[in-house]
Amino acid sequence: MGQSQSDRFAAVRRGEAWAEREVSQLIQRFARHACSRVGTALQVELGWEDVAQEASRRFFATGIHQYGGTGSEESYLYTVVKSTLIQIARSANRRKKREDVAAETETVTHSNSQHRLDVELILNRLDEVCRDLLKRAFLEEVPYATLARDLELAESSVRAKVSRCVRRAREFSSQ
């Protein structure tokens, strides 16, 4: 080896295997340390190996060229590991939220479609007058006053008629 630690990044730039090995080992050590400290705080299960692999990829692809020579090499590597860990954690959290929303949407959609199917079956069993009245009153949300005017009945008569139709629909739904 014979090289000082401050020459490590220069040796990496030259493609020397000993320096690449040392940097990889440091990244792995930092990833184990960082994941053990913040994994639970970030609310995701992070494998230090994944963090180390991505941090190494980033460092050797671009990070080695971005290092300005100020500060210690170890501090720079730890910063690369921390930023990688944060990005992986954020991506995992976003993915989990998307999956949760998708699962919730699927459940609601299935529930709503099942509910619509049940309502349609019940309405189809009613006579045409009740079916039309309930659809207008509840599905189209037409006010009782408008229904009364359209049917040329008193509003109280329309309310009574809707109540009788709802009672019949409940009888069908319990069968």
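Residues numbered from 1 in each chain as written. Predicted model: local features only at pLDDT ≥ 70, side-chain atom pairs only at ≥ 80, totals over all residues. Heavy atoms only, no water.

### Focus: the state of the cysteines
- Considering all chains together, one arrives at one disulfide under this definition.
- In this model, Cys-130 is linked to Cys-165 through a disulfide, with the two sulfur atoms separated by 2.1 Å. Taking the sign of the S-S torsion, -75° for the link of Cys-130 and Cys-165, the bridge is left-handed. One end of the pair, Cys-130, is in helix 5 (residues 128–139); the other, Cys-165, is in helix 7 (residues 155–174), with 35 residues separating them in the sequence. Here Cys-130 and Cys-165 have matching classes, each one buried. (Disulfide = S-S within 2.5 Å. Helix = DSSP H or I, 4+ residues; strand = E, 2+ residues; numbered from the N terminus. Buried < 20%, exposed > 50% of the residue type's maximum accessible area, 1.4 Å probe, protein only.)

### Digging into the packing of helix 5 against helix 7
- It is the contact of helix 5 with helix 7, at a shortest axis distance of 10 Å, that shows an interaxial angle of 105°. When the axes of helix 5 and helix 7 are compared, the pair comes out roughly perpendicular. Residues Val-129, Cys-130, Leu-133, Leu-134, Ala-137 and Phe-138 of helix 5 form the contact with helix 7, whose participating residues are Val-158, Lys-161, Val-162, Cys-165, Val-166, Arg-168 and Ala-169.
- When the residues that make up the contact of helix 5 with helix 7 are grouped by side-chain class, the tally is 11 nonpolar, no polar and two charged. (Axes fitted to C-alpha atoms, helices over the stretch in contact; angles between N-to-C directions. Parallel < 35°, antiparallel > 145°, perpendicular 65-115°, else oblique. Contact = heavy atoms within 4.5 Å. Nonpolar A, V, L, I, M, F, W, Y, C, P; charged D, E, K, R; others polar.)

### What about the environment of Tyr-78?
- By the secondary structure assignment, Tyr-78 is in helix 4 (residues 73–125).
- Counting along the chain gives 47 residues from Tyr-78 to Ala-31, while the straight-line C-alpha distance between them is 8.1 Å.
- If we ignore the near neighbours within four places in the chain, the residues touching Tyr-78 are Phe-30, His-33, Ala-34 and Arg-37.

These figures capture arrangement, not role.
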